[in-house]
Amino acid sequence: MKTVLYAALAVSVLALSGCAAGPARTPGTYVSQSEPVYLITEAQADQILVDAMNVEFGSDPIVRVEHPNKGYQATIKFLFDSHQIVATMVPSRGRAGDGSVQDGYYFNVSHSGTMPLSGISRSKRMRERLSEAATAISPSVPSAQ
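Please read these numbers as outputs of a predicted model, since none were measured by experiment. (Residues numbered from 1 in each chain as written. Predicted model: local features only at pLDDT ≥ 70, side-chain atom pairs only at ≥ 80, totals over all residues. Heavy atoms only, no water.)

Counting 21 residues, the largest nonpolar core has Phe107, Met126 and Leu130 as the members making the most contacts within it. For this core, the elements supplying multiple residues, two or more each, are α2 (42-57), β4 (71-78), β5 (81-95), β6 (101-113) and α3 (116-137). The element that contributes the greatest number of residues to this core is α2, accounting for six residues. The contact partners of Met126, leaving out residues within four places of it in the chain, are Leu49, Ala52, Met53, Glu56, Phe57, Ala87 and Val109. (Core = buried A, V, L, I, M, F, W, Y, C linked by side-chain atoms within 4.5 Å. Buried < 20%, exposed > 50% of the residue type's maximum accessible area, 1.4 Å probe, protein only. Helix = DSSP H or I, 4+ residues; strand = E, 2+ residues; numbered from the N terminus. Contact = heavy atoms within 4.5 Å.)

Shown next as structure tokens:
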């Protein structure tokens, strides 16, 4: 009886630890000084985030995040698994074509959870949506930092 109990305990520990995951970064989303900066206002950056989140996660709950940067988080779920995708707007300074340094934003997308395949693909799509929408307003410029 003790052997069965220990085996059941070991299986449950392995099952629970298999569902644990740490934060991950989608390739190309590492925060660095080389991130392209969009010379847009805070209101424009926020609207770009809202629109992209609604398109990508319209049926899933979307939550506002404030720290360390403003943005939004969506959680996707399937059975016992879940995955959080966070898109934020990071204040930055970019060097315009005339050489002047101007305020702007770049976008960061991160994800964590137990659904890495769908989490990675949705994070990539989110990053592409953000880039396309921001480029439509202002072409990206190199970081001035």
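Moving on, there is more to tell.
When you line up the elements, Thr75 lands in strand β4. Apart from the residues within four sequence positions on either side, Thr75 is in contact with Asp60, Pro61, Ser82, His83 and Gln84.

This part covers unusual backbone geometry. For the peptide bond that leads from His67 to Pro68, omega is 0°, which places it in the cis range. When you line up the elements, Pro68 lands in the loop between β3 (62-65) and β4. Despite not being glycine, Leu79 shows a phi value in the positive range, around 55°. Judged by its relative accessible area of 74%, Leu79 is exposed.

Our next topic: the packing of aromatic side chains. With the rule as written, the count across this model stands at one aromatic pair. When the ring of Tyr38 is compared with that of Phe107, the centres are 6.1 Å apart and the planes differ by 40°; the resulting orientation is tilted. A residue pair is termed long-range when its members are at least 10 positions apart, and Tyr38 in strand β2 (residues 37-38) and Phe107 in strand β6 qualify at 69 residues. Overall, the relative accessible area of 5% leaves Phe107 in the buried class. (Phe/Tyr/Trp six-rings, centres within 6.5 Å; stacked < 30°, edge-to-face > 60°.)

Below, the discussion takes up the pattern of salt bridges. Applying the stated criterion across every chain yields a total of nine salt bridges. Salt-bridge contacts for Asp46 lead to Arg64; the nearest nitrogen and oxygen are separated by 2.6 Å. Of this pair, Asp46 sits in helix α2 while Arg64 sits in strand β3, and the two are 18 residues apart along the sequence. Of the charged contacts, one joins Asp60 and Arg122 as a salt bridge, the two residues approaching to 3.8 Å between their closest N and O atoms. Taken as a pair, Asp60 in the loop between α2 and β3 and Arg122 in helix α3 lie far apart in primary sequence, 62 residues in all. Accessibility expressed as a relative area gives 18% for Arg122, which makes it buried. What emerges from the salt-bridge pattern is a single network uniting Glu56, Asp60, Arg122, Arg125 and Arg129. (Salt bridge = Lys/Arg side-chain N within 4 Å of Asp/Glu carboxyl O.)

Glancing now at α2. When the terminal C-alpha atoms of α2 are compared, their 22 Å separation across 16 residues agrees well with the 22 Å that a helix rising 1.5 Å per residue should span. Buried within α2 are the following residues: Ala45, Ile48, Leu49, Ala52, Met53, Glu56 and Phe57. For α2, the angular spread of the buried residues around the axis is 125°, confining them to a single face. Exposed and facing more than 90 degrees away from the buried side of α2 are Ala43 and Val55. Check the buried side of α2 and you find it contacts β3, β4, β5, β6 and α3. (Expected span 1.5 Å × (residues − 1). Arc of directions from axis to C-beta.)

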